[in-house]
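Spelled out from the first residue to the last, the chains are:
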Amino acid sequence: MKHNQVIAGVLAAVVLLLGAKPPAPVQHPISSGRGPVQSFFDSVQQMIEKYTEEHALKLRQEGSSHSNYMNGNEWGMFEPLESLTRAEAAQILYTLMEAPPEVEAVFSDVPEGAWYAQAVNSLASAGVICGDEEGNFHPEAPFTRAECAAAAACFLPLGRLPITFVDVPVDHPDYEAICTAAACGLFSRPEDGCFRPDDPLTRAEAAAVFNRLLGRTPDAETIQTSPQVRFFPDVPVTHWAYAQIMEATISHEQEELAEGEHWVSLTEERHPLPDGFHNIDGWLYCARDGKFVRSEIVNGFAFGADGHFTTGNLPLDAKLSEIIRTKTNDTMTQNQKLRAVYGYVRDQFTYIKRKLIAKGQTGWEPAFAEAFLNDGRGNCFGYAATFCLLARELGYDAHTVVGWLGGNRQPHGWVEIVLDGKTYLYDAELEMKYRSSNFFQARYGSTRFDYYKS
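The rules behind the values
- Residues numbered from 1 in each chain as written.
- Predicted model: local features only at pLDDT ≥ 70, side-chain atom pairs only at ≥ 80, totals over all residues.
- Heavy atoms only, no water.
- Helix = DSSP H or I, 4+ residues; strand = E, 2+ residues; numbered from the N terminus.
- Buried < 20%, exposed > 50% of the residue type's maximum accessible area, 1.4 Å probe, protein only.
- Contact = heavy atoms within 4.5 Å.
- Areas by Shrake-Rupley, 256 points an atom, 1.4 Å probe, with all protein chains shown as cover.
- Pairing = 2+ DSSP bridges.
- Axes fitted to C-alpha atoms, helices over the stretch in contact; angles between N-to-C directions.
- Parallel < 35°, antiparallel > 145°, perpendicular 65-115°, else oblique.
- Left-handed = near helix turned anticlockwise from the far one by under 90°.
- Nonpolar A, V, L, I, M, F, W, Y, C, P; charged D, E, K, R; others polar.
- Arc of directions from axis to C-beta.
- Phe/Tyr/Trp six-rings, centres within 6.5 Å; stacked < 30°, edge-to-face > 60°.
- Lys NZ or Arg CZ within 6 Å of the ring centre and 35° of its normal.
- Expected span 1.5 Å × (residues − 1).
- Salt bridge = Lys/Arg side-chain N within 4 Å of Asp/Glu carboxyl O.

A. Layout of the overall build of the protein. Each helix and strand in the protein was counted, giving 14 helices and 14 strands. Counting over 454 residues, the protein shows a buried share of 46%. Sequence-distant contacts, at least 24 apart, represent 61% of the contacts inside the protein between residues at least 6 apart. Just so you have it, the protein exposes about 23300 Å², and 52% of that area is on carbon and sulfur atoms.

What follows is the structure, given as structure tokens:
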């Protein structure tokens, strides 16, 4: 922000002039015109605006075409609460700049072939986002709110009445930039008067700030009603930055109206997931043609309006998702994940007599699983229902079986999954009782008990 130093010099001169002893007053007739002091300030204001107009960095002129400058991750999520990294911030601003400088490598921790290398080096050379004294940029570090204000101020007009914050003293290195960014409407002043300069800028906040920097105002009506609007499972329509995120992530043609933008057309943005089931952060989703399936049943799996698999019982859905999230991880194979949740059901619950399920009865699994998880105990049907739904949350076409066990044909419930054309049984309740026996992915006729389905 080299031009800011020039502006600071001008303002300092103004202060010195105002602090000097004024000449003796001269009597003038009363005039309705502007006084000499006001005229002087007007001249200074005009000089500041002219200088910043000629020397400030510029954003590209968008016109009627608004291209997206943010996107989701490889799983199709936006991650609104995650911190924007310094590399991501540099890439966004580089994309939005008019004629960004092209320079060679500058930082030791920015590989030449990195996707953000050109953006980082370009913005650093322009003084927009700088590195440290050791020559490092720290591309994966969070982009702070103060750093965002400092970068944005490079593109903003100076000379406006600043908005100050109680936690940003005048000797703060980014004091001027923060006050300017707030004065230009990029940041608001909350009731407690704090800016929180060292807090990371979240991705949701970034969308709102950069939209304001560009002068964009989301078309809330189209965003809420158009079936072409993209869907992020982690950004519900009730999210405070929903419209801002859509504005930042959807390319669209628009026309300026008095009340803001009106989207004339938009691009149907797609995520990179291949078709099929995907468990993401504990929730099962179905991808098709670059979109998430919603409000539809696919191969017996019901997907809700929020895009994830549902049992029809939302509190139960949340519990199943939490188990998947805490008992499995991305380093596991699908079968290892299945074994992990099977072991959880087998080891963390105890047996208690419950009512039996009649042969042919359907739709009983959610109620039995919910009671099993709430009480920490249940009968064979509670074990079977819970494991079955956890397996389905992982994308397995698991089904409960109501039948009989052993020579005396005791009523019993277990789970079946067909893998590569072969049917396997899973019986966590029996393995809880008989630890020396394996009932995980067992074949009929290979266990110590006979199973009868009819």
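That shown, we press on.
B. Representation of the pairing of strand β2 (residues 252–257). Relative to β2, strand β1 (residues 65–66) runs antiparallel, the two sharing two bridges. Looking across to β2, one finds that histidine 66 is bridged to histidine 252. Here β2 runs beside strand β3 (residues 260–266); their pairing, made up of six bridges, is antiparallel. Bridged to glutamate 256 within β3 is glutamate 261. Counting the residues that bridge the hairpin from β2 to β3 gives two residues.

C. Spatial organisation of the packing of helix α3 (residues 86–96) against helix α7 (residues 203–214). Closest axis-to-axis distance for the α3/α7 pair is 12 Å, and the angle between their directions is 20°. As the angle between them shows, α3 and α7 are arranged roughly parallel. Helix-helix and strand crossings are classified by hand; for α3 and α7 the assignment is right-handed. The segment α3 lies against α7, with Glu88, Ile92, Leu93 and Leu96 engaging Arg203, Phe210, Leu213 and Leu214. Grouping the amino acids of the contact of α3 with α7 by side-chain chemistry returns six nonpolar, no polar and two charged.

D. Structural context of unusual backbone geometry. One non-glycine residue, asparagine 299, lies in the positive phi region at around 50°. Within the secondary structure, asparagine 299 is located in the loop between β7 (296–298) and β8 (301–303). Among the residues examined, asparagine 299 registers a relative accessible area of 64% and is labelled exposed. In this model, aspartate 420 sits at a positive phi of 50°, which is unusual for a non-glycine residue. Here aspartate 420 shows up in the loop between β12 (410–419) and β13 (422–426). By relative accessible area, which is 82% here, aspartate 420 ends up exposed.

E. Here's a closer look at the side chain of threonine 85. Along the chain, threonine 85 turns up in the loop between β1 and α3. Assessed through its relative accessible area of 14%, threonine 85 is described here as buried. Sequence-distant contacts of threonine 85, defined by excluding residues within four places in its chain, comprise Pro139, Glu140, Ala141, Pro142 and Phe143.

F. A look at helix α12 (residues 365–375). Buried within α12 we find Glu365, Pro366, Phe368, Ala369, Phe372 and Leu373. The arc enclosing the buried residues of α12, seen along the axis, measures out at 165°, which places them on a common side. Trailing α12 by a residue or two, glycine 376 shows a phi angle of about 80°, which is positive.

G. Molecular detail of the packing of aromatic side chains. Counted by the stated rule, this structure contains 23 aromatic pairs. Measuring from ring centre to ring centre gives 5.8 Å for tryptophan 364 and phenylalanine 381, while their planes differ by 90°; the resulting arrangement is edge-to-face. Residue tryptophan 364 is located in the loop between β9 (350–351) and α12, and its partner phenylalanine 381 is located in helix α13 (residues 380–393); the two are separated by 17 residues in the primary sequence. Looking at phenylalanine 381, the relative accessible area reads 0%, which means it is buried. Through pairs of rings, three or more aromatic residues link up here, namely Phe277, Phe301, Phe303 and Phe309. The cationic tip of arginine 392 hangs over the ring face of phenylalanine 301; the distance from NZ or CZ to the ring centre is 4.0 Å. Stacked on the ring of tyrosine 351, the Lys or Arg lysine 433 has its end atom at 4.8 Å from the ring centre.

H. Here's a closer look at α7. For α7, built from twelve residues, the straight-helix expectation of 16 Å at 1.5 Å per residue is met to within 8% by its first-to-last C-alpha distance of 16 Å. Burial runs high along α7: ten of the twelve residues are buried. Of all the positions in α7, only Arg203, Ala204, Ala206, Ala207, Ala208, Val209, Phe210, Asn211, Leu213 and Leu214 are classed as buried. In this structure, the buried side of α7 is in contact with α3, α5 (145–153) and α9 (242–249). Positioned one or two residues after α7, glycine 215 has a phi angle of 80°, which is positive.

I. Geometry of the environment of alanine 124. Among the secondary structure elements, alanine 124 is positioned in helix α4 (residues 117–125). Overall, the relative accessible area of 16% leaves alanine 124 in the buried class. As a C-alpha pair, alanine 124 and phenylalanine 107 span 17 residues in sequence and 9.4 Å in three-dimensional space. Residues within four places of alanine 124 in sequence aside, it is in contact with Phe107 and Ile129.

J. A look at the pairing of β12. The pairing of strand β11 (residues 399–405) with β12 spans seven bridges and is antiparallel. Counterpart to valine 401 in the pairing with β12 is tryptophan 414. Connecting the antiparallel pair β11 and β12 is a turn made up of four residues, with glycine 406 showing a positive phi of about 75°. Sheet analysis places β12 next to β13, joined by five bridges and oriented antiparallel. Its bridge partner lying in β13, valine 418 is registered against threonine 423.

K. The arrangement of the pattern of salt bridges in detail. Taken as a whole and judged by the stated rule, the model has 17 salt bridges. With a shortest N-O distance of 3.8 Å, arginine 203 and glutamate 88 are connected by a salt bridge. Pair noted here: arginine 203 is in helix α7 and glutamate 88 is in helix α3, with a separation of 115 residues, a long-range link. Exposure remark for arginine 203: the relative accessible area of 8% places this residue in the buried category. Residue arginine 435 pairs with aspartate 347 through a salt bridge whose shortest N-O separation is 3.1 Å. Here arginine 435 is found in the loop between α14 (428–433) and β14 (451–452), whereas its partner aspartate 347 is found in helix α11 (residues 334–347), with 88 residues between them in sequence. Here the residues in one salt-bridge network are Arg60, Glu62, Arg216 and Glu247, joined through shared partners.

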